[in-house]
Amino acid sequence: MKQLVTYSLFILLFFSFGSITAQQEDNEYKKKEAPLFTIRGSVRHSDSYKPISKVNIEVNGGAYTMTDANGAFVIKARKGDELVVRHKDFETVYHVIENDDRITVEVDPSDTKTANPKFKINVKAFNALIDSVSKYKKLDVGKSIAFVGDALGQSSSQQQNAEAYLVLAEVYMHWKQYDLAVTNYRVSLQNKETNEAKLGLAKAYERNKNYQESLETYNAINENQLGNYQLVILYEGLGDTYYNIKKYEASIEAYEKGLKVANQHIIKPKIVDLNSKIAQAYNANGKVDKAQGFFDNSLDLAEKETKNRALEEKVTVADFQNTNRNYSEEIQLRKEIVEDVEEVERDSIIENESALTLQKQNYKIGNAYFLQKDYANAIPYLEKSIEEADAKGDLVVKKDATRKLSDVFVDAGDYEKAKKAFESYRMVVDELYIKREQELSQADRFRRNIIEQQNRITSLESDRALTTSLVAARNKNQQLIIYSLITGLILLLIMAFFMFKYIKQQRLANNLLALRSLRSQMNPHFIFNALNSVNSFIANNDERTANKYLSDFSHLMRAVLENSEEDFIPLQKEIELLDLYTKLEHSRFQDKFDYSITVDEDVKVADYQIPPMLLQPYIENAVWHGLRYKTEKGHLQITISKLSNTEIVITVADDGIGRTRSKDLKTANQQKQKSKGMGNIKKRVAILNDMYKDKVDVFIDDYQDAADAGTKVVVTLKKD
């Protein structure tokens with residue numbers, strides 16, 4: 001009983017596993033049979049729309065590329081494939097492909113390390129129109145071209161112009177209008193250079209049989225700027241062009257480079273294609289054994305791709321076997337193809353232009369049997385080919401198969417049937433001739449319609465170019481006016497600068513002249529007062545004192561004359577002159593005042609400069625207008641103290657009668673006369689401060705609150 005249960009479970013698991021495996025294989029088959037889309041998109045910041053370059057874009061188990069400098073990408077994918085967007089600055093994004101709609105990935109730049117990008121599909125009118133072009137590319141060339149015209153009308157940049165012309169060139173490539181494709185690829189590149197347009201232009205040149213231009217375009221592309229898939233396309237295109245000009249060694253070399261990249265990055269569809277093309281190149285170069293090896297590879301690999309791709313590769317290999325007269329192998333392959341095509345045709349329609357049609361395969365099987373002289377087997381396949389061709393309206397195959405059937409009957413000795421088959425052949429030829437004329441007429445109309453639509457787009461571009469040139473001319477004129485105004489403004493500023501400099505120099509010269517004039521007025525004033533003192537001594541018959549006074553006075557005058565041309569002298573020298581002058585005044589008025597000169601220890605006298613004879617008039621006023629009229633003996637105090645690291649204060653204070661009483665004592669005549677000494681000092685201070693940025697400040701106030709208020713002069717002096 002236990003063994004029976006175990007056996008039952010084993011059978012159940014076996015069938016379950018088989019069912020799951022079958023379902024997986026069915027899903028894989030459906031995925032392979034899904035249409036191949038060209039997916040266009042971009043990656044950008046959500047707020048500024050700034051493009052993000054070098055973002056890895058890949059399809060699981062397939063193509064791979066990176067965004068360019070404009071954040072744009074193009075990649076091939078099938079419905080149901082998973083698109084993966086990776087970058088070091090934001091989270092990886094996964095998106096399942098449903099159709100060929102444009103994809104925009106927007107990233108929030110505020111926190112790119114943890115940003116959650118969002119997909120947007122068909123967000124703008126221009127993008128929607130470009131997507132419509134792609135949708136109708138294989139269905140209706142007229143609509144596709146019309147959508148391109150509308151897209152160009154919506155375009156707002158050269159980048160969008162380039163994209164529109166690129167898509168239009170791809171439409172023309174599909175409809176085999178290679179000369180128009182070349183034109184539009186070139187216009188796209190004129191608007192903006194992209195590797196996709198360069199690769200497309202090179203391929204269009206090759207299809208249009210401009211092989212030299214194709215090679216030049218391919219070789220001019222910078223391989224370092226290409227993604228892996230684009231690099232494979234480049235090498236494949238080079239190989240195709242070399243193959244067409246029969247340079248098979250160069251063709252094989254290019255194909256092998258592409259195959260190496262495809263193998264490294266697991267680009268499976270291209271691995272199959274390149275193995276097949278290498279085989280064809282070896283075969284064309286007469287190296288059949290090597291060709292056979294690569295065809296074996298391509299057949300094995302194609303079986304793992306879609307059903308259609310496997311069938312296409314079998315047809316290629318069957319043609320190879322036919323070329324090398326391996327008719328048995330060819331027949332075997334073509335019989336397999338017929339079986340597979342019958343299965344495919346249950347779900348889809350195969351166009352007559354395809355190499356996979358049953359009529360073509362049956363015709364080639366019959367032809368192979370004919371070449372083997374196996375007429376019994378050749379006749380049924382040729383008859384079946386004629387029947388299939390007649391049912392599907394394929395007059396070309398019907399013509400070839402009917403003619404071949406006639407040849408078979410001739411070789412087989414059945415001339416009656418041969419004659420009948422030949423009559424049928426002549427009828428098919430006549431019918432085909434009529435059809436060809438109709439097709440040529442339709443092709444001519446088709447071509448004219450396309451060119452007419454292309455001319456409208458070219459006209460639109462010409463109008464756009466004219467508008468752009470007019471705008472550019474207007475902008476150029478505006479720029480010329482702006483530059484002229486800027487130049488005029490600069491010239492005015494330069495003139496203003498030189499005028500300011502001239503005025504400043506003139507002002508400086510005027511100030512210097514004014515200072516010299518003031519000094520010239522002060523020196524006679526001081527001498528006049530000093531001579532009055534000497535005269536006073538002589539009048540009092542004090543000859544000894546007068547002589548000593550004159551000696552000190554001459555010493556003082558010599559120092560004053562030495563400093564008369566200087567704006568500033570060292571503070572130490574000014575203190576010595578003040579001491580000498582005060583000593584002279586004290587010698588005359590010994591009974592009226594005593595004096596003291598005090599310099600604080602923290603004052604570095606050597607660091608300061610002072611205008612010469614600045615303090616002398618204040619000391620003179622203190623003696624002559626304050627202390628001289630005091631009833632008791634007064635005191636004159638000169639103090640130098642530190643205010644800050646860059647400033648000192650010089651205080652001249654007396655306890656004389658004060659300014660108010662001194663003014664009251666003046667006669668009416670004296671009050672009318674203004675003190676030249678004090679006026680000159682004020683003017684000198686004002687001029688020096690203007691020249692040396694407020695170096696000196698003078699403040700005068702009463703010394704004390706008493707009957708003899710006295711006077712205090714506070715001079716603030718800044719360090720150089």
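Rules used in this analysis
- Residues numbered from 1 in each chain as written.
- Predicted model: local features only at pLDDT ≥ 70, side-chain atom pairs only at ≥ 80, totals over all residues.
- Heavy atoms only, no water.
- Helix = DSSP H or I, 4+ residues; strand = E, 2+ residues; numbered from the N terminus.
- Expected span 1.5 Å × (residues − 1).
- Contact = heavy atoms within 4.5 Å.
- Buried < 20%, exposed > 50% of the residue type's maximum accessible area, 1.4 Å probe, protein only.
- Lys, Arg positive; Asp, Glu negative; His and termini not counted.
- Salt bridge = Lys/Arg side-chain N within 4 Å of Asp/Glu carboxyl O.
- Polar contact = N/O pair within 3.5 Å; in protein donor to acceptor, adjacent residues only side chain to side chain.
- Axes fitted to C-alpha atoms, helices over the stretch in contact; angles between N-to-C directions.
- Parallel < 35°, antiparallel > 145°, perpendicular 65-115°, else oblique.
- Left-handed = near helix turned anticlockwise from the far one by under 90°.
- Nonpolar A, V, L, I, M, F, W, Y, C, P; charged D, E, K, R; others polar.
- Pairing = 2+ DSSP bridges.
- Core = buried A, V, L, I, M, F, W, Y, C linked by side-chain atoms within 4.5 Å.

Novice: Would you mind going over helix 13 (residues 327-344) with me for this structure?
Specialist: Given 3.6 residues to a turn, an α-helix orients residues that are three or four positions apart in the same direction. Compared with an ideal rise of 1.5 Å per residue, which puts 18 residues at 26 Å, helix 13 spans 25 Å between its outermost C-alpha atoms and is within 8% of the ideal. On its buried face, helix 13 sits against helix 12 (307-323) and helix 14 (358-371).

Novice: Which parts of the structure should I look at to understand the side chain of D655?
Specialist: Within the secondary structure, D655 is located in the loop between strand 13 (647-654) and helix 21 (658-665). Salt bridges are absent for the buried D655, whose nearest opposite-charge side chain, K630, sits at 4.6 Å. At 2.8 Å, the side chain of D655 and the backbone nitrogen of H635 are in polar contact. Not counting residues within four places of it along the chain, the set of residues in contact with D655 comprises L627, K630, G634, H635, Y703, Q704, D708 and G710.

Novice: Please explain the packing of helix 8 (residues 228-244) against helix 9 (residues 248-264) as it appears in this structure.
Specialist: To characterise two packed helices, one gives the angle between the axes of the helices and the distance between these axes. The contact between helix 8 and helix 9 brings their axes to 7 Å, and the two run at 165 degrees. One element, helix 8, and the other, helix 9, form an angle in the roughly antiparallel class. The two elements helix 8 and helix 9 meet at a crossing, and its hand is left-handed. Side by side, helix 8 and helix 9 meet where N228, L231, V232, Y235, E236, L238, G239, D240, Y242 and Y243 of the first sit next to Y248, A250, S251, A254, Y255, K257, G258, V261 and A262 of the second. Its residues assigned to classes, the contact of helix 8 with helix 9 shows twelve nonpolar, four polar and three charged.

Novice: What should I look at first to understand the sheet that holds strand 6 (residues 90-96) in this one?
Specialist: The pairing of strands in a sheet happens through backbone hydrogen bonds and is either parallel or antiparallel. Strand order in this open sheet of four strands is 3-2-5-6, and the pairing throughout is antiparallel. Sheet topology places strand 3 (64-66) and strand 6 at the edges, where each strand pairs with a single neighbour. Taken over all neighbouring pairs, the strand axes of this sheet differ in orientation by 15 degrees on average, direction set aside.

Novice: Honestly, the environment of L231 in this entry has me stumped. Any pointers?
Specialist: Inspection of the secondary structure assignment puts L231 in helix 8. Note on L231: relative accessible area 15%, which makes it buried. With 26 residues separating them in the primary sequence, L231 and K257 have C-alpha atoms 9.3 Å apart. Not counting residues within four places of it along the chain, the set of residues in contact with L231 comprises E223, L226 and V261.

Novice: Whenever I open this one, the nonpolar core confuses me. Can you help?
Specialist: Nonpolar side chains in soluble globular proteins generally cluster together in the buried interior. Grouped together as the largest cluster of nonpolar side chains are 53 residues, with contacts concentrated most on V43, I75, L83 and V85. Looking at this core element by element, the count peaks at seven residues for helix 8. In this structure L83 touches I57, E58, V59, F73, I75, V93, Y94, H95, I97 and I103, once residues within four positions along its chain are discounted. Counting 44 residues, the second-largest nonpolar core is a separate cluster that includes Y549, I569, F593 and V652.

Novice: Teacher, can you tell me more about the pattern of salt bridges here?
Specialist: As a working rule, side chains carrying opposite charge can pair if their charged atoms are close by. Enumeration over the complete set of coordinates arrives at 32 salt bridges. Put simply, K307 and D340 hold a salt bridge, and the shortest N to O gap is 3.7 Å. One end of the pair, K307, is in helix 12; the other, D340, is in helix 13, and 33 residues separate them in sequence. Judged by its relative accessible area of 24%, K307 falls in the partly exposed class. A salt bridge links K398 to D390; the nearest nitrogen and oxygen atoms lie 2.8 Å apart. Accessibility expressed as a relative area gives 48% for D390, which makes it partly exposed. A network of salt bridges, in which partner residues are shared, links K203, E206, E236, D240, K270, D273, K277, R309, E312 and E313.

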